[in-house]
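Listed below are the residues making up each chain.
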Amino acid sequence: MFKKFGCICLIWLLIFTGCDNLDQIEESITETKEEAPQSGGTLNLYVVRPDTLNPLMTKYEANRQMLNLVYDPLIRVGTDVTPVMVLAESISSSDGGTLHTVRLKSGVTWHDGSTFSADDVIYTLRSVINSADSIYKVNLSNVVSVSKVDTLTVQIRLNYPDASFANLLEIPIVPQGWQEGVVTGTGRYIWNYYDYLKSVKLEKNVSYYGAQPYIDSINITILPDEQSVYNSFMVDITDVVSETSQEAAKYNTSSNISYERVMTQRYSFVGINCRREGLNNVNIRRALMKLVNRDKLTNDLYADFGIPTKYPIHPQSNYYRQQESDMRSDVEQGLALLSQEGYELN
């Protein structure tokens, strides 16, 4: 029996140069104490009526998450925002960062028993590149060509160097010649049953090449629209729901709900147009940075679920640097900088 679980998305917010209270914000997030996992059981999830069963083309987030249980990517982005190898054994770069060589894991099979190979990866990546509106198309916008070296090796040529290109390969890989209605992946769960108007059933892939999942089966209820998500969760049809921090309060009516905050990859950007007259003055920009109360702005916009940051880099990334103390908001210093440039408060 699963305790109902609500997932709250934690957004990180890029506001001018960020703030220095990241440690305090992180410490304020209460971590859920997890019991040791046990194998078995059934998890009840939901999707809003699928637009397609092609994981490369779906526009619905819940549908994408469902299909990602069936189709594995080359990599997954880890909590430290570095690539974790999945179908890829390794990814290396050469030619000044413009050539990326992907070595694939051997012994991987599709759910129908056929062998996974470089041909499937090439088919998938070219399908994305040639598509009109795949959500992954932007990931490969820098790709010039994709070519096969051997059965387990693919080379990807870029237009210009990109040190973080491997992170962009979190794209579900489909078999060569994929057809609508035939759902065959390499992932942890096998597509077992599908009724377009009612439900989907996934079963554990006992031949999975990686660590076996704990849950034996997943029942997925197909809902007609987003408005049905709340009701299905509250009457125990589904076990898990994902909401933004602004929407989470509506679930507070039940004591049988467990919450977990999850930091997302989404960010909001507020910048300064340095080409505008006045704003091209460095002291004016520094003054604005000092005068903006980033903590208050974050709280007002995201109910204190956002994390102000200095750079357009995820705060959990290894590339992220903690802000220097002189970047804190300081009204007196900001007004002093404006005064140096001849500006006074009325």
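Computed from a predicted structure; not experimentally measured.

Regarding the confidence of the model for the protein chain
Here comes step 1: Averaged over the protein chain, the pLDDT score is 83; the fraction of residues at 70 or greater is 84%.
Here comes step 2: Taken as a whole, residues 15-32 scores under 50 in pLDDT and shows 49 contacts with residues more than four places along the chain or in a different chain.

So, unusual backbone geometry
Here comes step 1: Of note, the phi angle at valine 81 is positive, near 60 degrees, even though the residue is not glycine.
Here comes step 2: Of note, valine 81 is situated in the loop between β3 (75-77) and β4 (83-85).
Here comes step 3: The phi angle at aspartate 95 is positive, at roughly 50 degrees, despite the residue not being glycine.
Here comes step 4: Assignment of secondary structure puts aspartate 95 in the loop between β5 (88-94) and β6 (99-104).
Here comes step 5: Residue classification places aspartate 95 among the partly exposed positions, given a relative accessible area of 48%.

Structural notes on the nonpolar core
Here comes step 1: Grouped together as the largest cluster of nonpolar side chains are 55 residues, with contacts concentrated most on Leu74, Ile156, Trp191, Leu202 and Ile218.
Here comes step 2: By residue number, the principal contributor to this core is helix α3 (residues 118-130), which donates five residues.

Here we look at the sheet that holds strand β2 (residues 42-48)
Here comes step 1: Pairing in this open sheet of four strands is mixed, and the strands run β2-β11-β10-β9 from one edge to the other. Both outer strands of the open sheet, β2 and β9 (189-195), are each paired with one neighbouring strand and no more. Pairs of neighbouring strands in the sheet enclose a mean axial angle of 20 degrees, with direction left out of account.
Here comes step 2: As paired strands, β2 and strand β11 (residues 217-223) are joined by seven bridges and run parallel to one another. Bridged to valine 47 within β11 is isoleucine 222.

What to know about the packing of aromatic side chains
Here comes step 1: Summed over the entire model, instances satisfying the criterion amount to three aromatic pairs.
Here comes step 2: Centre to centre, the rings of tryptophan 110 and phenylalanine 116 are 6.0 Å apart; their planes meet at 65 degrees, and the pair counts as edge-to-face. Per residue, the accessibility class of tryptophan 110 equals that of phenylalanine 116, and both read buried.
Here comes step 3: With a centroid separation of 5.4 Å and an interplanar angle of 55 degrees, the aromatic rings of tryptophan 191 and tyrosine 194 are classed as tilted.
Here comes step 4: When its relative accessible area of 14% is taken as the criterion, tryptophan 191 is described as buried.
Here comes step 5: Take tyrosine 194: its relative accessible area is 29%, and that puts it in the partly exposed class.

Describing helix α7 (residues 331-340)
Here comes step 1: Restricting attention to buried positions, one finds in α7 the residues Gly334, Leu337 and Leu338. Take α7 and look down its axis: the buried residues cluster within an arc of 100 degrees, on one side only. Away from its buried face, by an angle of more than 90 degrees, α7 presents the exposed residues Glu332 and Gln340.
Here comes step 2: In this structure, the buried side of α7 is in contact with α5 (282-291).
Here comes step 3: In this structure aspartate 330 caps α7, since a side-chain oxygen of it lies 3.2 Å from the backbone nitrogen of glutamate 332.
Here comes step 4: Two residues or fewer after α7 comes glycine 342, characterised by a positive phi angle close to 90 degrees.

Reading guide: rules and limits
- Residues numbered from 1 in each chain as written.
- Predicted model: local features only at pLDDT ≥ 70, side-chain atom pairs only at ≥ 80, totals over all residues.
- Heavy atoms only, no water.
- pLDDT = per-residue confidence, 0-100.
- Contact = heavy atoms within 4.5 Å.
- Helix = DSSP H or I, 4+ residues; strand = E, 2+ residues; numbered from the N terminus.
- Buried < 20%, exposed > 50% of the residue type's maximum accessible area, 1.4 Å probe, protein only.
- Core = buried A, V, L, I, M, F, W, Y, C linked by side-chain atoms within 4.5 Å.
- Pairing = 2+ DSSP bridges.
- Axes fitted to C-alpha atoms, helices over the stretch in contact; angles between N-to-C directions.
- Phe/Tyr/Trp six-rings, centres within 6.5 Å; stacked < 30°, edge-to-face > 60°.
- Arc of directions from axis to C-beta.
- Polar contact = N/O pair within 3.5 Å; in protein donor to acceptor, adjacent residues only side chain to side chain.

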